[in-house]
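# Summary of structural features
Here is how the chains run, residue by residue.
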Amino acid sequence: MSTFFVHPAQPTALSGRCEVELPGYELWTNMIQSVHILVGLLDVKKFSAALSSTLQLWPHAAGRLTERGKEYKIYLTNAGVPVEFEDRPHESTSSIVLGSHVIQSDLSGLLNSPRQRSAFDSEAPLLRLKIVSFRDDTTIGISWNHTLGDATAFFRFTHTFSQFYQGLHPVYPSPTFEKPVFPQPSECTIEELRPSMSHLHETYSDEELHKKYSERVHTSERVDWSFEMQGLETLCNSLRQRSPSATSRLSIHDSLFAYVATIMNRVLTSQIRKIKVTDSYRFSGASFASPDVAGNAVIDALTPPLPENPTDVTGIATSIRETLVHYRQHEVISRWMSVASHLMLAAAKSGKSFYYPPPTEILAVNSMAAIDWCSTHFGQPESHRHHMTGHGLLYLRVFGANPWRGDDGLWHAPEGRIDVSIVVPQGCRQKVLDILAQGLDSIKLDGY
């Protein structure tokens, strides 16, 4: 295995600046990691040039985290981004990546992610890559520090990288780096919103986190499933006809999340009482929202207690929709972000990190189905596959599906298919799969 370093082309988009400020809400301590699979060999020279050009537009990714007094910043060092290269000519990617489903159990061998001294290690690169050349395929593993931006920012970085590799211009506007500063919340506001943010104020040391994650591995199982878009559209239309909500029409996502919640309530010994949906406000039109910001523009929308009937898919979907309508109000976003920023900065100062997802009576949902990861194909639109890891108990993750190779050896487009993954307590996996196998047509819309 060898390592080389790629520096941003000069001058960068932030030439003349020394740092990028990180308000408290930017201080997510985890990495977002993805693996892209391409057929055949990668042109490493083109890869390096494309990465250098991408870093010219996103120079904070070549920086380092710094703490100065009571503030955190990314110092613009223009340091080299490490790229590992490994050759495995006698192996196949199928020995690591099992099937076409987006979420995979373990991609660590395809990622450049050595253990850091702490979540805010000032010497650690914020971006790391790894290329692995297999017998028939090449993988590109990208590890992106969450302080660089949310999933949308990460996608746009990767898409720009893919475009440059193909000799094309970026599709998306260049990123902006001015971060809104939300007002300091009052103690009253903090106490009001704190119960809905348990995952932000219940923090743990690195040792405690490692223990909790290790325990989870041995007490839970992951369920993977795929839905055809036509079936989800039919379900959504049926629920719209029954929903009493006049605020807004139910979405396909509302319907899907509610359906999964009813399955959990048919299987688990304790019921799902609330649903927490990670939602982006970058396209909300609020004065503090920038669609192109290289940052984290997300909130967690928490429903009130769900309908008494735990399998009332119409009622649950309606509750999700009304909750999202409420949380998308600009004043609500601002209040939520001010408290989240306060709590996250306090966690960073304490040297501790968050444990995700929240308590077991809450179904946590994070959907990336609106992000077209298949378009980050590095010139292989028909065969490129994208994978991620990361799963927690009762943490529902949703993605657009990958292409897959049929028995005829040909690649088949996903055509709107949706992949879902969720981790359930041990002993529940087969029960969930049995219900899913009955199909969406078997749903009783009122739960009875």
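All of the points below concern the structure found in this document. All of these numbers come straight from a predicted model, not from anything done at the bench.

A few words on the overall build of the protein. The helix and strand tally for the protein stands at 10 helices and 19 strands. Taken along its principal axes, the extent of the C-alpha atoms in the protein is 60 × 60 × 40 Å. Contacts in the protein between residues far apart in sequence, at least 24 positions, make up 79% of those at least 6 positions apart. Of the accessible surface of the protein, which amounts to about 19500 Å², a share of 51% is contributed by carbon and sulfur atoms.

Sheet architecture is open: six strands sit in the order S10-S19-S16-S14-S11-S12, paired in mixed fashion. Each edge of the sheet is formed by a strand with only one pairing partner; in this case those strands are strand S10 (220-227) and strand S12 (298-302). Direction aside, the axes of adjacent strands within the sheet are offset by 20° on average. In this sheet, strand S14 (residues 362-367) lies alongside strand S11 (residues 274-280) in parallel orientation, the contact comprising four bridges. Paired with Lys276 across the bridge in S14 is Ala364.

Before going further, it helps to examine the packing of helix H7 (residues 252-267) against helix H10 (residues 429-437). Between two packed helices, what matters for the description is the angle formed by their axes and the separation of those axes. Following both chains from N to C, one finds H7 and H10 inclined at 130°, their axes separated by 10 Å at the closest point. By the criterion of interaxial angle, the relationship of H7 to H10 is oblique. Seen along the crossing, H7 lies across H10 with a hand that is right-handed. Along the contact surface, H7 presents Tyr259, Ile263, Met264, Arg266 and Val267, while H10 presents Lys431, Val432, Ile435 and Leu436. Among the residues forming the contact of H7 with H10, the class breakdown is seven nonpolar, no polar and two charged.

What follows deals with the sheet that holds strand S4 (residues 64-68). Judged by pairing direction, the sheet is antiparallel, and its three strands sit side by side in the order S2-S5-S4 without closing on themselves. On the outer flanks of this sheet lie strand S2 (19-22) and S4, each paired with one strand and no other. Recorded for the sheet is a direction-independent mean angle of 35° between the axes of neighbouring strands.

With that settled, the discussion passes to the pattern of salt bridges. Scanning the model with the defined rule gives 20 salt bridges in all. The salt bridge partner of Arg17 is Glu178, with a shortest N-O separation of 2.9 Å. Taken together, the residues span a long stretch of sequence, with Arg17 in the loop between strand S1 (2-6) and S2 and Glu178 in the loop between helix H2 (151-165) and helix H3 (187-193) at a distance of 161 residues. Of the charged contacts in the structure, one is a salt bridge between Arg335 and Glu192, with a shortest N-O distance of 2.8 Å. Of this pair, Arg335 sits in helix H9 (residues 330-350) while Glu192 sits in helix H3, placing them 143 residues apart in sequence. By relative accessible area, Arg335 is classed as partly exposed at 29%. A residue is classified by how much of its surface remains accessible, and Glu192, at 48% relative accessible area, is partly exposed. Where salt bridges share partners, they join Glu19, Glu21, Arg68, Glu71 and Lys73 into one cluster.

Quick look at the packing of aromatic side chains now. Both the distance between ring centres and the angle between the ring planes are used here to describe each pair of aromatic rings. For the structure shown, the criterion picks out 14 aromatic pairs. Geometrically, the ring pair formed by Phe47 and Phe161 is edge-to-face, given 5.1 Å between the ring centres and 65° between the ring planes. One end of the pair, Phe47, is in helix H1 (residues 44-57); the other, Phe161, is in helix H2, with 114 residues separating them in the sequence. An aromatic cluster is built from Trp58, Trp144, Phe154, Phe155, Phe157, Tyr172 and Trp373, whose rings are joined through pairwise contacts. A cation over an aromatic ring shows up here: Lys46 above the ring of Tyr165, its NZ or CZ 4.6 Å from the ring centre.

We now examine unusual backbone geometry. With omega at -5°, the peptide bond leading from Gln10 into Pro11 counts as cis. Its place among the elements puts Pro11 in the loop between S1 and S2. In this model, Phe378 sits at a positive phi of 50°, which is unusual for a non-glycine residue. Following the sequence through the fold, Phe378 ends up in the loop between S14 and strand S15 (385-388).

Below, the discussion takes up the packing of helix H6 (residues 229-242) against H7. At a closest axis distance of 9 Å, the pairing of H6 and H7 adopts a crossing angle of 90°. Between H6 and H7, the crossing angle belongs to the class labelled roughly perpendicular. Only Ile252, Ser255, Leu256 and Tyr259 of H7 make contact with H6, whose side of the interface consists of Met229, Leu232, Glu233, Leu235, Cys236 and Leu239. For the contact of H6 with H7, a count of residues per class yields eight nonpolar, one polar and one charged.

Attention shifts here to empty space enclosed by the protein. For the structure shown, the criterion picks out two cavities of 30 Å³ or more. Approximately 60 Å³ is the volume attributed to the largest cavity. As for the largest cavity, its lining consists of Val223, Trp225, Phe227, Val260, Ile263, Met264, Val420, Ile422, Val432 and Leu436. Those elements that provide at least two residues to the lining of the largest cavity are S10, H7, strand S19 (418-425) and H10. Among the residues making up the lining of the largest cavity, the classes are represented as 10 nonpolar, no polar and no charged. Roughly 40 Å³ of volume is contained in the second largest cavity. Taken together, Tyr25, Trp28, Leu200, Asn296, Val298, Trp336, Met337, Ala340 and Met344 form the lining of the second largest cavity.

In terms of residue burial, strand S8 (residues 137-145) counts as a mostly covered element, since nine of its nine residues are buried. Of the two faces of S8, the one lined by Asp137, Thr139, Gly141, Ser143 and Asn145 and the one lined by Thr138, Ile140, Ile142 and Trp144 are each fully buried. As paired strands, strand S3 (residues 31-39) and S8 are joined by nine bridges and run antiparallel to one another. The residue bridging Met31 from the neighbouring strand is Asn145, located in S8.

Reading guide: rules and limits
Residues numbered from 1 in each chain as written. Predicted model: local features only at pLDDT ≥ 70, side-chain atom pairs only at ≥ 80, totals over all residues. Heavy atoms only, no water. Helix = DSSP H or I, 4+ residues; strand = E, 2+ residues; numbered from the N terminus. Contact = heavy atoms within 4.5 Å. Areas by Shrake-Rupley, 256 points an atom, 1.4 Å probe, with all protein chains shown as cover. Pairing = 2+ DSSP bridges. Axes fitted to C-alpha atoms, helices over the stretch in contact; angles between N-to-C directions. Parallel < 35°, antiparallel > 145°, perpendicular 65-115°, else oblique. Left-handed = near helix turned anticlockwise from the far one by under 90°. Nonpolar A, V, L, I, M, F, W, Y, C, P; charged D, E, K, R; others polar. Salt bridge = Lys/Arg side-chain N within 4 Å of Asp/Glu carboxyl O. Buried < 20%, exposed > 50% of the residue type's maximum accessible area, 1.4 Å probe, protein only. Phe/Tyr/Trp six-rings, centres within 6.5 Å; stacked < 30°, edge-to-face > 60°. Lys NZ or Arg CZ within 6 Å of the ring centre and 35° of its normal. 1 Å grid on protein atoms, 1.4 Å probe; cavity = no way out; pocket = protein on both sides within 12 Å on 5 of 7 lines; lining within 4 Å. Points joined across faces, edges and corners; volume = space filled by probe spheres on them.

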